[in-house]
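Chain residues, written in single-letter form:
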Amino acid sequence: MKAKLLTGIAAAALAFGAGAAMADEDAELVINGEIEIVTKTAAPAHLDGALDEIMSGWRFRDDTTQAMQMDDFDNPAMLAVEDALEIWATADGSEGKSCMDCHGAAEDMAGVKPVYPKWNEAAGEVYTLQMQVNDCRENRMGAEPWKVDASDALAMEGLLSSVSRGMPMNVAIDGPAQSTWEQGKELYYTRTGQLDLSCATCHEQNYGNMIRADHLSMGMVNGFPTYRLKDSKLVGVQSRFKGCVRDTRAETYSPGSPEFIALELYVASRANGLSVEGPAVRN
Amino acid sequence: MASGVKPRVKSPKTAAAGEVVTLKTLISHPMESGQRKDSDGNVIPRSIINRFTCELNGNMVVDVTLEPAISTNPYFEFEAKVDATGEFKFTWYDDDGDVYEDTQAIEVA
């Protein structure tokens, strides 16, 4: 495991425990004995000079947590997916339509999750998957939009993710999305808070090292929305950003803010090539 | 009845005679402990699954007493030795008197 050590008090604290072995670096993830998941692959071209190889957060978790994700029966997030399947088929809003009326079976949405966040031509901005779902709810169904990372929104994102499991993340970073992507990159490398940490400090320079009792992952978001055992519920990627930024002792952006949308696009693009894994199980 | 209660069982369909099979069960249930208070300070009444049993052809495999500290959506994984074709019967007992059941057939080849 590569372990670049930084200087400074914060870095020394982060690097404490460097070299502690991860559970099983060579384990491979196969879900339900049939869906093969790529959890380690070559880094996308735009990470040239930063990372050679990218690894899913699954590889950084211990055996028992890893095992929970290998069988849908054991994966607590699948309860939310079941709820979402009901929402999928239930008409809502003034138009009396359900998701299913336009889109058919949820399984037909395979391939959607890997390309989000994505430029939306009509809106002239980058849409996260949750924003796209809300767009449908408001404009096609005449229903109330869900709040960012509300439980229904996460369940639906989890459902859409679950049907795309095994497909490689493939977020577009060029074309009209490029300026948003660059804003996200800027945020990723900007140090914030009293601890003066950027995303890269932990997830690019110190992955595999301990952060208190936990292994730092590479911050790959292919497993989101993620069932976090400490929260015993699904957690959205922007809520996770908020937790990270808060831990640098900074004032955080809000989930749903333009900054976090840009950051979600950028961070998702860092995972290009890894399989969609969500809803994953993490500690 | 507590809302959103749904029992789930994962069990093999076939087994060799004398084989020890693994059974997994999960019931979605809030498991309200009775220790919490709502925003007005009133105690939220206890509402949990207090007993879970599994029988195979009338023989008890497990009989579990659940206590309020057990978390939401209780999950059990256990093993049973299967000697003959038959049926697993899973039963969950709710505080409010409801009983949830599921059965799974198993065939001994």
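Residues numbered from 1 in each chain as written. Chains lettered and ligands numbered in written order. Predicted model: local features only at pLDDT ≥ 70, side-chain atom pairs only at ≥ 80, totals over all residues. Heavy atoms only, no water.

## Description of the overall build of chain B
Part 1: Of the regular secondary structure elements, chain B holds zero helices and eight strands.
Part 2: Each helix and strand of chain B, ordered N terminal to C terminal, gives the series β-β-β-β-β-β-β-β.
Part 3: If one aligns the C-alpha atoms of chain B with their principal axes, the spans along those axes are about 60 × 20 × 20 Å.
Part 4: Relative to its full complement of 109 residues, chain B shows a buried share of 38%.
Part 5: Considering only residue pairs separated by 6 or more positions, chain B has 57% of its internal contacts joining residues 24 or more positions apart.
Part 6: When the accessible area of chain B is evaluated, it comes to approximately 6,000 Å², of which 47% is carbon and sulfur surface. (Helix = DSSP H or I, 4+ residues; strand = E, 2+ residues; numbered from the N terminus. Buried < 20%, exposed > 50% of the residue type's maximum accessible area, 1.4 Å probe, protein only. Contact = heavy atoms within 4.5 Å. Areas by Shrake-Rupley, 256 points an atom, 1.4 Å probe, with all protein chains shown as cover.)

## Points about the pairing of strand E6 (residues 75–82) of chain B
Residues and elements named next belong to chain B.
Part 1: The side-chain alternation of E6 yields one buried face, formed by Phe 76, Phe 78, Ala 80 and Val 82, and one unburied face, formed by Tyr 75, Glu 77, Glu 79 and Lys 81.
Part 2: With eight bridges connecting them, strand E3 (residues 19–28) and E6 associate as antiparallel partners. Looking across to E6, one finds that Lys 24 is bridged to Glu 77. (Pairing = 2+ DSSP bridges.)

## Focus: the interface of chain A and chain B
Part 1: The partner chain B presents nine residues to the five residues of chain A that form the contact.
Part 2: Across the interface of chain A and chain B, roughly 670 Å² is buried in total on both sides, 54% from carbon and sulfur atoms.
Part 3: Together, Phe 73, Leu 79 and Glu 82 of chain A form the three largest contributors to the area buried by chain A at its contact with chain B, with a combined 76%.
Part 4: At the boundary of chain A with chain B, the tally comes to five salt bridges.
Part 5: Among the salt bridges present, the one from Lys 24 of chain B reaches Asp 71 of chain A, with a minimum N-O distance of 3.2 Å.
Part 6: The interface formed by chain A and chain B holds six residue pairs in polar contact (both at pLDDT 80 or more) in total.
Part 7: Taken together, the residues that form the side of chain A that touches chain B break down as two nonpolar, no polar and three charged. (Buried area = accessible area lost by both parts, 1.4 Å probe. Salt bridge = Lys/Arg side-chain N within 4 Å of Asp/Glu carboxyl O. Polar contact = N/O pair within 3.5 Å; in protein donor to acceptor, adjacent residues only side chain to side chain. Nonpolar A, V, L, I, M, F, W, Y, C, P; charged D, E, K, R; others polar.)

## Focus: empty space enclosed by the protein
Residues and elements named next belong to chain A.
Part 1: One pass over the full model with this rule turns up one cavity of 30 Å³ or more.
Part 2: The space that makes up the largest cavity amounts to roughly 100 Å³.
Part 3: Lining the largest cavity, in full, are Lys 113, Tyr 116, Pro 117, Thr 128, Leu 129, Glu 157, Met 169, Val 221, Phe 224, Val 237, Glu 264 and Ala 268.
Part 4: Looking at side-chain class alone, the lining of the largest cavity contains eight nonpolar, one polar and three charged residues. (1 Å grid on protein atoms, 1.4 Å probe; cavity = no way out; pocket = protein on both sides within 12 Å on 5 of 7 lines; lining within 4 Å. Points joined across faces, edges and corners; volume = space filled by probe spheres on them.)

## Quick word on the packing of aromatic side chains
Part 1: Summed over the entire model, instances satisfying the criterion amount to 12 aromatic pairs over all chains.
Part 2: Between Tyr 188 of chain A and Tyr 266 of chain A the ring centres are 5.3 Å apart and the planes differ by 65 degrees, which places this aromatic pair in the edge-to-face class. Within this pair, whereas Tyr 188 of chain A is found in helix H7 (residues 178–188), its partner Tyr 266 of chain A is found in helix H10 (residues 258–270), the two being separated by 78 residues in sequence. Accessibility classification places Tyr 188 of chain A together with Tyr 266 of chain A in one group, the buried group.
Part 3: Cluster of aromatic residues (ring-pair linked, three or more members): Phe 52, Phe 76, Phe 78, Phe 88, Phe 90 and Trp 92 of chain B.
Part 4: The cationic tip of Arg 137 of chain A hangs over the ring face of Trp 146 of chain A; the distance from NZ or CZ to the ring centre is 4.0 Å. (Phe/Tyr/Trp six-rings, centres within 6.5 Å; stacked < 30°, edge-to-face > 60°. Lys NZ or Arg CZ within 6 Å of the ring centre and 35° of its normal.)

## Regarding the UniProt feature "binding site: heme c 2" (unreviewed entry) in chain A
All names here are of chain A.
Part 1: Per the UniProt record, "binding site: heme c 2" (unreviewed entry) is annotated on Cys 199, Cys 202, His 203 and Cys 244. A stretch of 46 residues holds the annotated residues, and the largest C-alpha distance among them is 10.8 Å, short enough that they meet in one place.
Part 2: Summarising the element assignment, His 203 is placed in helix H8 (residues 199–203).
Part 3: Judged by its relative accessible area of 16%, His 203 falls in the buried class.
Part 4: By the element assignment, Cys 244 lies in helix H9 (residues 237–247). (UniProt positions renumbered as here; feature names shortened; annotations may be inferred.)

## Some details on the sheet that holds strand E4 (residues 49–56) of chain B
Residues and elements named next belong to chain B.
Part 1: Taking strand neighbours across the sheet as the criterion, the five strands line up as E2-E8-E7-E4-E5 in an open arrangement whose pairing is mixed. Two strands in the sheet have a free side with no partner beyond their single neighbour: strand E2 (14–15) and strand E5 (59–65).
Part 2: When E4 meets strand E7 (residues 86–94), the two strands line up antiparallel, connected through seven bridges. Bridge assignment links Thr 53 to a residue of E7, and that residue is Thr 91.

## Details of the environment of Ala 84 of chain A
Part 1: As for its placement among the helices and strands, Ala 84 of chain A is situated in helix H3 (residues 77–89).
Part 2: With near-sequence residues (within four places) excluded, Ala 84 of chain A lies in contact with Ala 155, Met 156 and Leu 159 of chain A.

## Let's talk about helix H5 (residues 129–141) of chain A
All names here are of chain A.
Part 1: For H5, built from 13 residues, the straight-helix expectation of 18 Å at 1.5 Å per residue is met to within 8% by its first-to-last C-alpha distance of 17 Å.
Part 2: Turning to H5, its buried residues are Leu 129, Gln 130, Gln 132, Val 133, Asn 134, Cys 136, Arg 137 and Met 141.
Part 3: Buried residues in H5 make contact with helix H4 (99–103), strand E5 (118–120), strand E6 (125–127) and helix H6 (151–162).
Part 4: Gly 142 occupies a position one or two residues after H5 and carries a positive phi of about 65 degrees. (Expected span 1.5 Å × (residues − 1).)

## Topic: unusual backbone geometry
Residues and elements named next belong to chain A.
Part 1: That bond from Tyr 116 to Pro 117 is cis: its omega, 0 degrees, falls within 30 degrees of zero.
Part 2: Here Pro 117 lies in the loop between H4 and E5.
Part 3: Along the chain, Phe 224 connects to Pro 225 via a cis peptide bond; the corresponding omega equals -5 degrees.
Part 4: Considering the arrangement of structural elements, one finds Pro 225 in the loop between strand E8 (214–215) and strand E9 (226–228).
Part 5: Even without glycine at this site, Asn 32 takes up a positive phi of about 55 degrees.
Part 6: Structurally, the position occupied by Asn 32 is in the loop between strand E1 (29–31) and strand E2 (35–37).

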